[in-house]
Amino acid sequence: MTALASAERGVGEFAVVDALPEFVVVIFAAVTHLADPWFLFGLLALAYWFASDRFAASPRRAGATTIAVVTCGYAAVALGKVVFAAPRPPGAVPPVDVPAWLPGLLSVWYEGQVLSDGFGFPSGHATGGAAAYVALALLYDRPWTPRRRLAAAAAVAVAVAVSRVVIEVHFLVDVVVGVLVGVAVVAVALRLAGDPRLRGVETTADPAEPTPVLDPSPVFLLAAGVSTLAAAVAVANGHTGDVVEAGIGVATGLGGAVGWSLVDGDEPAVPARVAVPALFVTGGLWVGASAFSSSLIVTVAATSTAVAVVIGLPALPRAFSKNSGSASVRS
């Protein structure tokens, strides 16, 4: 643990990075967005709302479980960071050598990408990217073949991991461990959700056959539990700045479990007339949570509400139709 807490845990990776052309570094600065938390949760929420049975036998269950898996991944990262308290590389702090050929707005964007605070082990982007894309490949199991889906997931996860080293916000060991943690989280979470592939149960490749029922609730609750432990460790070790991050993990896990309790799991895709207003509501809650990040109570309340709305949204059209039917009967 002492070695991890030292900034000297590199293996010479930045000597290679420093020899790369500037445009390559800029490209990888863009690649890293593929595992930004806002991007991943946005992507997974849209897949959860809109995916049809062309992608999975039970697209709502597949989608909610994928979101739960990534939530668990970030919870594991939060715990790891406060346990090891490992600093980031020197390149993650100012000053920043911004390529002179980047125009003004892109210069600001680039500077924001290559500056990172907080602890560095394990990499949240590497963990979240591996967890998200591997879970997508396994749970949305109808397009392509399993080998092609997993190859694509591995390519994106590795590209994200490499990007974190290229822009010098993580050491190589941070991203390698992050990818391994992400894959391990997928295995544990899918077993907990009831995926037969993690229980040694024979499955069929016939798209006409229904897949076993997945239950993301235990995975959401596991994420909340691990995040609670992360918050306790952060407080005990005096890492007060990480308490809010852990609190967001608790809120996401609990909000996901509450939202899932509102749906049956077999709902059709969410209509656009419902999804568009929901985007504004949940987006506003996320922005509010960020704006009031100094208040743990407000942040947790806003985050849990936003996640509960996202996960519970497929039940809304059915609830409206039931209410309309009841009103018609009474009239």
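For the structure itself, consult the block above.
Rules used in this analysis
- Residues numbered from 1 in each chain as written.
- Predicted model: local features only at pLDDT ≥ 70, side-chain atom pairs only at ≥ 80, totals over all residues.
- Heavy atoms only, no water.
- Core = buried A, V, L, I, M, F, W, Y, C linked by side-chain atoms within 4.5 Å.
- Buried < 20%, exposed > 50% of the residue type's maximum accessible area, 1.4 Å probe, protein only.
- Helix = DSSP H or I, 4+ residues; strand = E, 2+ residues; numbered from the N terminus.
- Contact = heavy atoms within 4.5 Å.
- Salt bridge = Lys/Arg side-chain N within 4 Å of Asp/Glu carboxyl O.
- Axes fitted to C-alpha atoms, helices over the stretch in contact; angles between N-to-C directions.
- Parallel < 35°, antiparallel > 145°, perpendicular 65-115°, else oblique.
- Left-handed = near helix turned anticlockwise from the far one by under 90°.
- Nonpolar A, V, L, I, M, F, W, Y, C, P; charged D, E, K, R; others polar.
- Phe/Tyr/Trp six-rings, centres within 6.5 Å; stacked < 30°, edge-to-face > 60°.

Draft legend 1. Representation of the nonpolar core in the model. Judged by nonpolar contacts, the single largest core of 49 residues is most densely connected at Tyr48, Trp49, Val69 and Ile311. The element contributing the most residues to this core is helix H4 (residues 59-84), with nine residues. Residue contacts for valine 69: discarding those within four places in its chain leaves Ala131, Ala135, Val185, Val186, Ala189, Leu190 and Val219. Of all hydrophobic cores here, the second largest spans ten residues; its members include Val25, Val26, Leu102 and Ile167.

Draft legend 2. Spatial organisation of the pattern of salt bridges. Across all of its chains, the model carries one salt bridge by this definition. Residue aspartate 174 is joined to arginine 9 by a salt bridge in which the shortest nitrogen-to-oxygen separation is 2.9 Å. Pair noted here: aspartate 174 is in helix H8 (residues 172-193) and arginine 9 is in the segment before helix H1 (13-18), with a separation of 165 residues, a long-range link. Classification of aspartate 174 as buried rests on a relative accessible area of 0%. Residue classification places arginine 9 among the buried positions, given a relative accessible area of 9%.

Draft legend 3. View of the packing of H4 against helix H6 (residues 124-139). With their axes 9 Å apart at the nearest point, H4 and H6 run at an angle of 160° to one another. One finds that H4 runs roughly antiparallel with respect to H6. Both H4 and H6 take part in a crossing whose hand is right-handed. Between H4, through Ala62, Thr65, Thr66, Val69, Val70, Gly73, Tyr74, Val77 and Lys81, and H6, the contact on the second element is made entirely by Gly124, Thr127, Gly128, Ala131, Ala132, Ala135, Leu136 and Leu139. For the contact of H4 with H6, the class distribution of residues is ten nonpolar, six polar and one charged.

Draft legend 4. Region of interest: the packing of aromatic side chains. As enumerated under the stated definition, the model contains six aromatic pairs in all. Look at tryptophan 38 and phenylalanine 39: their rings are 5.9 Å apart centre to centre, the planes differ by 90°, and that puts the pair in the edge-to-face class. Note on tryptophan 38: relative accessible area 60%, which makes it exposed. In this structure phenylalanine 39 comes out as partly exposed when scored by relative accessible area, which is 27%. Ring geometry for tryptophan 49 versus phenylalanine 50: centroids 6.3 Å apart, planes at 85°, classification edge-to-face.

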